[in-house]
Amino acid sequence: MAVNGSQILVNGSQILVNGQPFIIKSVGYAPVPIGNDPDVKKRDYYTLEYTNIYNRDLPLLREMGANTIRLWGWDNDADHTDFLNKAYNNGKDPIYIIAPFWISQNLDLSAPDVRSQLKSDFRKMVAKNKDNPAVLMWIVGNELNAKGEYIYDDLFSLIDEMAEQAHLEEGANYHPVTTSLVDRNLTETIAKYEKNMTHLDVWSVQLYRGKDFGDFFKEYKKVSSKPVVILEFGIDAYDDRKKAEYEDVQAEYASALWRHLANNTDVA
């Protein structure tokens, strides 16, 4: 969308910002004040009430080289103008926002009234924030394929219809729409639904494969030509199989990462 100098486009497998290829260097941002509820559905600390938090954090994020923030959830009806404006910073070292639309668990995504309400609510959120130049893209849900609670045909058709609603709301210069997928039969799932996702602009993935991404990029290129964004990566804090923390392995991987960064000063 062309607003105050921000134009966000998808060109083949690239995301362009103001005509230039944009490499997302993102932080997952979810500040929770001490004593507050950490529930992601209530995690809206992006309003004027919490301006002291993001006024503190945004300069630090710029200093570390971040150019994007991914949010998990916010109140769709709240006013986030101040937060978005502070992130954009009048275009000087802007931090772009991957703006969230949360989808609750245990919804019947085959029900017409549920689908209609979600599409309507999403379009309203897009309409409310679409003119702010800090917005990079919209993200629908989080790891909606994680636990198999949804029928995939219902899930992916709904996501694509929601993306279509965002496009209709914004017109020709719309912001891209993405959704984040957990690493479970990932490329197989993308391959199956790719041809039907005619309105989804970007795939986003969360890869907890340890110290590298394995063969993900090679396999992804076989199944999709859309841009792909890695929103989370590394290693889980807890091994569900062994019911124990990954403390030793985490320390090993962290040490390897810092050695790599120390030897590759061009890596931001």
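*Asks:* Just give me the short version of unusual backbone geometry, but keep the residues and values in it.
*Replies:* A positive phi angle, near 50°, is found at glutamate 143, a position not held by glycine. Considering the arrangement of structural elements, one finds glutamate 143 in the loop between strand E7 (135-140) and helix H4 (152-170). Even without glycine at this site, asparagine 185 takes up a positive phi of about 45°. Its location among the elements puts asparagine 185 in the loop between strand E8 (177-182) and helix H5 (186-193).

*Asks:* Break down the packing of aromatic side chains for me, with residues and values.
*Replies:* All told, the structure shown has 16 aromatic pairs when counted by the stated rule. Ring geometry for tyrosine 88 and tyrosine 96: centres 6.3 Å apart, planes at 65°, overall edge-to-face. Each of the two residues, tyrosine 88 as well as tyrosine 96, counts as buried. Between phenylalanine 216 and phenylalanine 217, the ring centres sit 5.4 Å apart and the planes meet at 70°, which makes this aromatic pair edge-to-face. Chaining the aromatic ring pairs together yields one cluster made of Phe213, Phe216, Phe217, Tyr220 and Phe233.

*Asks:* Account for the nonpolar core, naming residues and giving values.
*Replies:* Among the nonpolar cores identified, the biggest contains 64 residues, and Tyr29, Ile97, Phe122 and Trp138 are the most heavily contacted of them. Per-element accounting of this core gives the leading share, 7 residues, to H4. Not counting the four nearest positions on each side in its chain, tryptophan 138 is found in contact with Ala99, Phe122, Met125, Val126, Asn129, Lys130, Ala166, Glu170, His175, Pro176, Val177 and Thr178.

*Asks:* Which residues make up the side chain of histidine 80, and what are the values?
*Replies:* By the element assignment, histidine 80 lies in the loop between strand E5 (68-70) and helix H2 (81-88). For histidine 80, a relative accessible area of 1% translates into the label buried. With near-sequence residues (within four places) excluded, histidine 80 lies in contact with Asp44, Tyr46, Thr47, Trp74 and Asp75.

*Asks:* Would you mind going over the pattern of salt bridges in detail, with residue names and values included?
*Replies:* One side chain can pair with another of opposite charge once the charged atoms of both are near each other. In total, this model carries 10 salt bridges according to the counting rule given. Linking lysine 119 and glutamate 161 is a salt bridge whose minimum nitrogen-to-oxygen distance equals 2.9 Å. Of this pair, lysine 119 sits in helix H3 (residues 112-129) while glutamate 161 sits in helix H4; the two residues are 42 residues apart in sequence, bridging distant segments of the chain. Arginine 209 serves as the salt-bridge partner of aspartate 215, at 3.6 Å between the closest nitrogen and oxygen. Arginine 209 sits in the partly exposed class, given a relative accessible area of 33%. Among the ionic contacts, a cluster of salt bridges with common partners joins Arg115, Lys119 and Glu161.

*Asks:* Could you give an account of H3, naming the residues involved and the relevant values?
*Replies:* The first and last C-alpha atoms of H3 sit 26 Å apart over 18 residues, in line with the 26 Å expected at 1.5 Å per residue. Taken as a whole, H3 has its buried residues at Arg115, Leu118, Lys119, Phe122, Met125, Val126 and Asn129. For H3, the angular spread of buried residues about the axis comes to 125°, placing them on one side. Opposite its buried face, H3 presents the exposed residues Pro112, Asp113 and Lys124, each directed more than 90 degrees away. On the buried face of H3, the contacting elements are H2, strand E6 (96-101), E7, H4 and E8.

*Asks:* Can you break down the packing of H5 against helix H6 (residues 216-223) residue by residue, with the values?
*Replies:* The geometry of H5 relative to H6 is characterised by a closest axis approach of 9 Å and an angle of 10° between their N-to-C directions. With respect to each other, H5 and H6 are oriented roughly parallel. Here H5 runs over H6; the crossing is right-handed. Contacts between H5 and H6 involve Leu186, Thr187, Ile190 and Ala191 from the first element and Phe216, Glu219, Tyr220 and Val223 from the second. Among the residues forming the contact of H5 with H6, the class breakdown is 6 nonpolar, 1 polar and 1 charged.

*Asks:* Go over the sheet that holds strand E1 (residues 8-11) with me, naming the residues and quoting the values.
*Replies:* Here 3 strands make up an open sheet; going across it, the order is E1-E2-E3 and the pairing antiparallel. Looking along the sheet, the strands with just one partner apiece sit at the ends: E1 and strand E3 (20-21). Pairing analysis gives 4 bridges linking E1 to strand E2 (residues 14-17), with the strands arranged antiparallel. For isoleucine 8, the partnering residue across the bridge sits in E2 and is valine 17.

About the thresholds
- Residues numbered from 1 in each chain as written.
- Predicted model: local features only at pLDDT ≥ 70, side-chain atom pairs only at ≥ 80, totals over all residues.
- Heavy atoms only, no water.
- Helix = DSSP H or I, 4+ residues; strand = E, 2+ residues; numbered from the N terminus.
- Phe/Tyr/Trp six-rings, centres within 6.5 Å; stacked < 30°, edge-to-face > 60°.
- Buried < 20%, exposed > 50% of the residue type's maximum accessible area, 1.4 Å probe, protein only.
- Core = buried A, V, L, I, M, F, W, Y, C linked by side-chain atoms within 4.5 Å.
- Contact = heavy atoms within 4.5 Å.
- Salt bridge = Lys/Arg side-chain N within 4 Å of Asp/Glu carboxyl O.
- Expected span 1.5 Å × (residues − 1).
- Arc of directions from axis to C-beta.
- Axes fitted to C-alpha atoms, helices over the stretch in contact; angles between N-to-C directions.
- Parallel < 35°, antiparallel > 145°, perpendicular 65-115°, else oblique.
- Left-handed = near helix turned anticlockwise from the far one by under 90°.
- Nonpolar A, V, L, I, M, F, W, Y, C, P; charged D, E, K, R; others polar.
- Pairing = 2+ DSSP bridges.

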